[in-house]
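# Remarks on the overall topology
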Amino acid sequence: MSEIARWTSTRQRPSRPFYPLVLAALVVIAAVVLLRLADPLSTLMRATGAKEAESASFLLWQLSLPRLLAALLAGGAFALAGTVFQAATRNPLASPDLLGVTAGAQAGMLVGLAVPALRPLAGPPLLFAFGLGAAALALVAAGGWRAAPLRLLLAGGACSLLFSSLVTMTLALFEQNIAGVALWSQGALYQPGAQGLKTATLWLIPPIAVLPFLLRPLEALALGDDAARSIGVAVPFTRLLAALAAAALTAAAVAIAGPIGFIGLLAPNLVRALGLYDLKTVAPLAALTGAALLLAADGAVAGTGLSTGLSTTVATALVGTPLLLALVARGRMPAPTSRGDVATGGRTAPFLVVALACALALIALCAFGLAWGEAWLSPARLVDAVSGRDPIAALILDIRAPRIAIAALTGAMLAASGVVLQSVIRNALAGPEIIGVTQGAALVTLTGSLLWPLLGRPGAFGLALSGGLATLGVILAINYRQRFEALRVALTGLALGGLFAALTYTLIVETSAQPARALIWLVGGTYGRSWADALALLPWFVATLPALALLARPLDLLALGDDAAAGLGLPIALIRGLALLLATILASTAVAIVGPIGFVSLLTPHLARLLGFHRHGARLPIAMLLGALLTVTADIVGRAALAPTEIPAGALTALIGAPYFLWLMIRRPATRDDHR
Amino acid sequence: MMPSRRDILTLIASLSVSPAMAEDTLALRQSRTLPRVATRVVALEFLIAETLAMLDRPPIGMSDPKYYPGWIGLELDRLAGVTDVGTRQQPSLEAIARLKPDLIIGLAYRHAPLFDVLESLAPTVLLEFGVGQTGTQLDAVLELIGMIGAYVGRDPEAAKIRAEVERSIAEDAARLAQAGRSGRRLVVLQELGGLDTYWVFTANSMSAGLAQRLGLDFWPKDRGRDGVRVLTSQELLALDDVDIALVSYSGPQVDLAAKTKSAAWAHVPALAQGRVTLIERNIWNFGGPASARHLATRLTDMVLAAP
Amino acid sequence: MTVAYGHQRVLDGLSVAISRGGITALCGPNGCGKSTLLRSLAGLQPLAGGQVLLEGRPLQRLTRRERARTLAVLAQANETPPGLTVTELVTHGRHAHRHLLGGLSAEDRRAIADAIEAVGLTAEASRPVTALSGGERQRAWIAMALAQQCRVLLLDEPTTWLDIRHQVELVDALRVLNHTRGITIVCVLHDLNQAAAIADRIMLMKNGKILHDGTTGATLMPGPLRETFGVEMWRLDHPASDLPVCLPSFGPVVGQVSGTQA
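Here goes a summary of the coordinates provided. (Residues numbered from 1 in each chain as written. Chains lettered and ligands numbered in written order. Predicted model: local features only at pLDDT ≥ 70, side-chain atom pairs only at ≥ 80, totals over all residues. Heavy atoms only, no water.)

How big an interface is tends to be stated in terms of accessible area lost as the parts join. Between chain A and chain C, the residue contacts involve 25 residues of the former and 31 residues of the latter. At the boundary of chain A and chain C, one finds 2 salt bridges. Note that Arg39 of chain C and Asp563 of chain A form a salt bridge whose closest N and O atoms lie 2.2 Å from each other. Joining chain A to chain C, the criterion identifies 4 residue pairs in polar contact (both at pLDDT 80 or more). Secondary structure elements with two or more residues in the side of chain A that touches chain C: helix 22 (531-558) and helix 23 (562-567) of chain A. No other element matches the 5 residues that helix 22 of chain A contributes to the side of chain A that touches chain C. Split by residue class, the side of chain A that touches chain C holds 10 nonpolar, 5 polar and 10 charged. (Contact = heavy atoms within 4.5 Å. Salt bridge = Lys/Arg side-chain N within 4 Å of Asp/Glu carboxyl O. Polar contact = N/O pair within 3.5 Å; in protein donor to acceptor, adjacent residues only side chain to side chain. Helix = DSSP H or I, 4+ residues; strand = E, 2+ residues; numbered from the N terminus. Nonpolar A, V, L, I, M, F, W, Y, C, P; charged D, E, K, R; others polar.)

Residues and elements named next belong to chain A. Among the 11 residues in helix 12 (residues 263-273), 11 count as buried, and that is most of the element. Ile263, Gly264, Leu265, Leu266, Ala267, Pro268, Asn269, Leu270, Val271, Arg272 and Ala273 are the residues of helix 12 that are buried. Two residues or fewer after helix 12 comes Gly275, characterised by a positive phi angle close to 90 degrees. (Buried < 20%, exposed > 50% of the residue type's maximum accessible area, 1.4 Å probe, protein only.)

Residue and element names in this part refer to chain C. Pairing in this open sheet of 6 strands is mixed, and the strands run 6-7-8-3-9-10 from one edge to the other. At either end of the open sheet lies a strand with only one pairing partner, and these are strand 6 (71-74) and strand 10 (209-214). Averaged over all pairs of adjacent strands, the angle between strand axes in this sheet comes to 15 degrees, irrespective of strand direction. Sheet topology places strand 7 (residues 152-156) next to strand 8 (residues 184-188); 5 bridges connect them, and they run parallel. (Pairing = 2+ DSSP bridges. Axes fitted to C-alpha atoms, helices over the stretch in contact; angles between N-to-C directions.)

Another point: the packing of helix 5 (residues 124-142) of chain A against helix 11 (residues 235-257) of chain A. Residues and elements named next belong to chain A. Running from N to C, helix 5 and helix 11 point in directions that differ by 130 degrees, and their axes come no closer than 8 Å. Relative to helix 11, the element helix 5 is oriented oblique. Both helix 5 and helix 11 take part in a crossing whose hand is right-handed. Here helix 5 contributes Pro124, Leu127, Phe128 and Leu132 to the contact with helix 11, which in turn contributes Ala243, Leu244, Ala247, Ala248, Ala251, Val254 and Ala255. Grouping the constituent residues of the contact of helix 5 with helix 11 by class yields 11 nonpolar, no polar and no charged. (Parallel < 35°, antiparallel > 145°, perpendicular 65-115°, else oblique. Left-handed = near helix turned anticlockwise from the far one by under 90°.)

A few words now on the nonpolar core. Leu218, Leu560 and Val632 of chain A together with Ile142 and Leu154 of chain C are the most contacted members of the largest nonpolar core, which has 239 residues in total. A domain split of this core shows at least three residues from each of domain 1 (2-329) and domain 2 (358-666) of chain A. Ala38, Leu52, Ala211 and Trp284 of chain B belong to the second largest nonpolar core, which has 66 residues in total. (Core = buried A, V, L, I, M, F, W, Y, C linked by side-chain atoms within 4.5 Å. Domains from an automatic or database assignment.)

Here we come to helix 9 (residues 222-229) of chain C. Residue and element names in this part refer to chain C. Those residues of helix 9 not exposed but buried are Pro224, Leu225 and Thr228. Relative to the axis of helix 9, the buried residues are bounded by an arc of 100 degrees and lie together on one face. Those residues of helix 9 hidden inside the fold are in contact with helix 7 (192-198), strand 9 (201-206), strand 10, helix 8 (216-219), strand 11 (233-237) and strand 12 (244-248). Note on helix 9: the residue one or two positions beyond its end, Gly230, has a positive phi of about 70 degrees. (Arc of directions from axis to C-beta.)

As structure tokens, then:
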């Protein structure tokens, strides 16, 4: 708390000059505007004849200028939304995309397109409703406004994954109809005419009009709820109004520009990194910075001749990630307390009972998965299949069994990777998909498979491993000086993961006209995997098991803190290094086979803890069993629910897991301990 | 200078095609032993099902049959009652297995990672639909007739169908020449559902191949991946003295006026000249020989009807 | 020994000897280097120069496990993982005595039970550490250190977060351990009176140097205290125990807040 208070406090206000920042932002804006307008302007001046001049002036006034304005407005709105969310939650990482608001708004867009009855509401109203819904869900799950930063981030991350998996699944299932949405989902600043921009801009007016009345109460909140209340601030009302305003800003920005991430997170933090904390200064400066950032990113897209309206998100990630990483590396990112866990377990059920129950459930589920599908394979037919009397059943069994085996293996591996990473980085958010290892492995594997289409499995493992390890190396190098502080590591990973995912998406979109291929690859799955894949994965799994067993107790000691662990005789640097290596191997080899399946490694360690298992000797096996259960369920449901149409398992893990996870978080509120 | 995106893609493309795979073969991968005459074929792509139907050897199973009528809609009689084997991207292996096929035909760019699994179910051929540095997708489609014909033991019929399709296209070309409309510039756009967001078919597409045979001048001249690329609004505004075929994304209830309501379209010269024609929802550009024949006729009618 | 953070030398050419079997208190103003000294003695702090000898042997030469069997250290703020029970925490203290795999030996179990009993937490043994009061929590951590069967115990401000009663309890517990087990104790303390109550030797530190080192009676005098803290102090005698009691001489109210600049 004290750290955060210092960081947002109005009392500690070094009066640093903000002119350099304003000047830099204005120079960027002016330069991009000039560069972008030079072409249409010169066309207009050279135009001969009325018809040509009319067309040229249309190009200038209806296409070029609206796009510039859209970038400025959307960038500013995302930045303001981030500023308000951060002040209201007293959390420097709260931003529209991390709280799930952006993904919620995107789902709203999709619903508006897919449900004819909601057509009239399509656009900002529906985006607003969905965005607000996502934020509310995240806040309720986190346990209210005063939730610890990590808890809130985790709930927001779960919401974000839930909504984006909904979007992904719809896109994958209705591939023909929604190519346009797929393009839009990458952020499209293309503005056909000024009319659409005008409508969306109207939605910006109410939240911006409210802001001046919000800023002072929000500043008081920085002192803590009690202090704010004692000086007469209506705390719940202020927060409600702030959430409404920020959600409206996000909805309007998404309506203008599509779900562009990073800016809401980055712009306010950039301003604060310059030593400016006064909200009345931060808000306008963040808006200006956000506007300049998005304009520059969009200018880069237009300037390099990348596909129109396709890659703004990628460019934003490209521009934003290095800035963010530089801030993290220089230690300028605020580091609020990283204490606090999702929840603590209540009663502890005996380990053996739970482990046995999970194992039995897994066996039963696998058996059910062998039998259930497009065709029901009765036990008698299964026996016939194995004995070779029923060749068709044998073929079907040969399709189902390796998938289930791979789902179970990868689920367990991803879960183990999540447990180890969360412990060793001491960060509840440190799943391999959160710290970017999964995306890094996926990007390198994909690039390799595009370069060498007939790449074998050993090659894929090699590429995935090198991608995962390289990502880990970058994260560690950047955070070395900050002693791997948990929130900084999470932030670095989020930035890198976002960048890699965007690059992967671009790579697929640019090499193929079929969006479904991109989506199916991006979410990962067990479809089409064979015994050869399972056998290739098995040695990695078996080889890592003894290492996990050996690491269980050192990881317990590490949880006591570095000094305590070192005092007990633990070689902490060695253990850290080994554990990180192990976690990366587990995640990368799983990714090489099933692609970047998300959520398992983030969710299952917490599920194991919510069930009351915190010692690694118990938490690791329980989490691995739960991971296998979740992934096998996703595999079976994805294969059989809409057969013969296949739902990617990677989309289902979040769809099945996230609601359960959020429900558990709601049911088990944080203990007092978590708020420290 | 920064390498442009196209340079990079060309580099990736050039690296990805190993010299061992010559461009004249249309099969990227195929099982070592194929049936002499396949009778139970599973088609994992519309154009393969369409070709098989034309050869009067309809597949026993195909991908996305429920979308086929809406997007191709040709040779429907012969494809009635074909078993659904899931989506084109992720066909249901179980559904395929239960059909006990003797041949599975797919496309390399979609199904290459599945080759081993498909082959474990039945002999498999994956066709490479990428068309080298000069050809068009029309050339590939015409070649495919003979190739698929050989798989199902219909070589003479295949030759006949190919000749018939080429004759039909030649007739269309003659109609254009007779009306003095040869050499007109043609642009084919596919709607994507977004505002002013279109694919434009490029010089390697089926439309480009048809334009060549019809004696029309095709724009643009560049070659996109899969025969398409995204059209910029600036390019849209510059579409003067062209006949534009706008392939619809929605059903017949939405007309051209509704499609071109945006501010940008008001400034497209071709629209003012009445030379933009809405063509009902289809993906004939990605279809087979019947699609090619049908598309040629539609484009010819359009150019003839234009002012 | 010398310890530096970057270019800033925190401890510069310091030489201390801790007497075996005694209780030594390190006192001094904030930032004087007392915690750094403690961490250096524990081998947690890389030295820029010099060495630490533990029972005559250089600390660096000892393996981690040997060190952990001889010397235990308790940091100022301890992270208590949620759900961890007292017994589990104390079991961690046996790390240096156990094999990497395998269960607890009879000796391990005896040491654990013994340690828990020594700090009076037998009744709370199976409760989560986070559910205990501040004083009990601190005692649980000390039990973990005891389970190491160490001969030297280093503590960094063990009483800071405790209320008076728990402070007294803890001080008593430490003295009992020192007497009955002969454990050498070094602790950093803010409260001079506590230092007087517990220690038989006090080191006064300032700016990385030891200004005064001696018995409580010799060091807790107005002169050395003024030199160390820059504040006028009264030295009284405790009416019951005759131990020294230090009291700041608060000045009269003169109408404005005086700076606390030393």
